[in-house]
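Descriptive analysis of the structure
For reference, the chains in residue letters:
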Amino acid sequence: MLHISLHKIFILAGMLIIGLASLSAQATIVASVKPIGFIAATIADGVTSVSVLLPDGASVHSYALRPSDIKNLKNAELVVWVGPDMEAFMSKAISNVSILHNNIQIDQIPGVQALLLRGVEHAELGSLYRHIGEKKIENSVSTDRQGRHYHGEYNMHLWMSPDIAKKIAIAIHAKLLQQMPISQDKLDANLRYFQSTLFVANDKIHKQLAPFKDKGYLVFHDAYTYFEKHYGLSPTGYFTINPEIQPGAKRLHHIRMKLIEQKGICIFAEPQLRPTVMQAISRGTDVRSGILDPLGASITLSKDSYVQFLVQLSDQYTSCFKGD
Ligand SMILES: [Zn+2]
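Read on for a plain summary of the structure. Per chain, residues are indexed from 1 in the order of the written sequence. Note on the predicted model: pLDDT of at least 70 is required for a residue's local features to be given, and 80 or more for side-chain atom pairs to be given and counted; whole-chain, interface and lining totals, by contrast, use all residues. In computing side-chain values, all of the structure's heavy atoms are included and hydrogens and water are not.

Some remarks on the pattern of salt bridges
When their charged atoms lie close together, side chains carrying opposite charge are able to pair. For this analysis, a salt bridge means a side-chain nitrogen from Lys or Arg found within 4 Å of a carboxyl oxygen belonging to Asp or Glu. Summed over the entire model, instances satisfying the criterion amount to six salt bridges. Across the pair Lys-34 and Asp-56 runs a salt bridge, and its minimum N-O distance is 3.5 Å. Linking Lys-34 in helix H2 (residues 34-43) with Asp-56 in the loop between strand S2 (50-52) and helix H3 (67-75), this pair joins segments that are 22 residues apart in sequence. On the accessibility criterion, Lys-34 (13% relative accessible area) is buried. Between Lys-166 and Asp-163 there is a salt bridge whose closest N-O contact spans 3.8 Å. On the criterion of helical spacing, the pair formed by Lys-166 and Asp-163 is a turn pair, its members being three residues apart in helix H9 (residues 162-179). Throughout, exposure labels follow a simple rule: accessible area from a 1.4 Å probe, protein chains only, divided by the maximum for the residue type, with under 20% read as buried, over 50% as exposed, and the rest as partly exposed. Accessibility expressed as a relative area gives 39% for Lys-166, which makes it partly exposed. In this description a helix means any DSSP run of H or I spanning at least four residues, a strand means any run of E spanning at least two, and both kinds are numbered starting from the N terminus.

So this is what it looks like as structure tokens:
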């Protein structure tokens, strides 16, 4: 009898060890989008794991959670996201009690609201929507989300701001310190590392972009405002449309005239979005085509990934401005 129960105890102990091992293999921090994951990866380096919800190539404006995402969110020790004006897909999941208590909503971090910038002007978008067909926009779920995002008062691409990134880093550090006080030394060192490497990169990017302060250019959508304001760039305008809907000829003509009038030198698409209409805008002009990646799709999570992300953006602007 004794022999059997000991045997059972060994089996149970074995199961417990396997269970704990699989638990620790799970990401404890879940970031909604990659650049937020980049910041978390620096603070959590050597302490805990980070995963990103939005798959590479998916649009943050029209994503819908999969059952596996909801499972990851429920199992997370900490969820970091911007807020309902950006990740509309998160709102329902985040109301789940277990996630509610363990999440950092970036637009609620003290001091962030004072740094928010207004979104694209309604007038500009109003005329755009009339040209591309208002009815179609109202009928589509994804464009409804996009419409709400663009018509929100503020631009919510907050990960593009080095100043807001510092506040995100501090908030993640504070939350992890609460959860894992034993790792204080490592967490403190990681926060200092984030701050010092960002300081160096920020200086480098300021110098790199300074010669291009007065150059006009066009970007695909309004994702870059925080970066552009911070580094003094002056975009001519935004090609803010739903990629699924072709803009009308009148709108295309308007964008093209604006670009020519203001002597724009570049037009930027995004890695997954290179509509041929963008080429049509620059046809017959000297305007060059470039790519800007607002989510750092090609960058892997590491201690240095947020800084790499900002440097990559700066390089992407610069290479088109210089005509490399
Ligand atoms: Zn966006």
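That shown, we press on.
What to know about the packing of H2 against helix H14 (residues 305-322)
Every axis corresponds to a line fitted to the C-alpha atoms, with the helix fit spanning only the stretch in contact, and the corresponding angles, defined between N-to-C directions, vary from 0 to 180 degrees. Relative to each other, H2 and H14 sit at 135°, their axes nearing to 7 Å. When the axes of H2 and H14 are compared, the pair comes out oblique. Side by side, H2 and H14 meet where Pro-35, Phe-38, Ile-39 and Ala-41 of the first sit next to Ser-305, Tyr-306 and Phe-309 of the second. Three categories are distinguished: nonpolar for Ala, Val, Leu, Ile, Met, Phe, Trp, Tyr, Cys and Pro, charged for Asp, Glu, Lys and Arg, and polar for the others, with Gly belonging to the last. Here the residues of the contact of H2 with H14 are counted per class, giving six nonpolar, one polar and no charged. Note on terminology: angles under 35 degrees are roughly parallel, angles over 145 are roughly antiparallel, angles of 65 to 115 are roughly perpendicular, and the others are oblique. Contacts: residue pairs with any heavy atoms within 4.5 Å of one another.

Focus: the pairing of strand S7 (residues 266-269)
Burial along S7 is two-sided: the residues Cys-266 and Phe-268 and Ile-267 and Ala-269 are all buried. Two strands are said to pair when DSSP picks up at least two bridges between them. Where strand S5 (residues 217-219) and S7 come together, three bridges link them in parallel fashion. Residue pairing in the sheet places Val-219 in a bridge with Phe-268 of S7. Here four bridges tie S7 to strand S8 (residues 288-291), and the two strands are oriented parallel to one another. Residue pairing in the sheet places Ala-269 in a bridge with Ile-291 of S8.

As for helix H12 (residues 249-261)
Compared with the 18 Å implied by 1.5 Å per residue over 13 residues, the 18 Å span of H12 between its first and last C-alpha is a close match. Turning to H12, its buried residues are Arg-251, Leu-252, Ile-255 and Leu-259. With its buried residues spanning 100° around the axis, H12 presents them on a single face. Opposite the buried face of H12, at more than 90 degrees from it, the exposed residues are Ala-249, Lys-250 and Glu-261. The span you would expect from a helix comes to 1.5 Å times its residue count less one. Note: the arc covers the axis-to-C-beta directions of the helix.

Focus on the coordination of the zinc ion
Sites may look incomplete because water is not among the atoms; the donors themselves are N, O and S atoms within 2.8 Å of the metal, or within 3.2 Å for Na, K and Ca. Coordination of the zinc ion by the protein is provided by His-61 (NE2), His-157 (NE2) and His-221 (NE2), with metal-donor distances spanning 1.9 to 2.1 Å. Expressed as a motif, the donor residue spacing for the zinc ion is H-x95-H-x63-H. Remark: His-221 occurs in the loop between S5 and helix H11 (225-231) and His-61 occurs in the loop between S2 and H3; sequence separation between them is 160 residues. With relative accessibility at 8%, the residue His-221 sits in the buried group.

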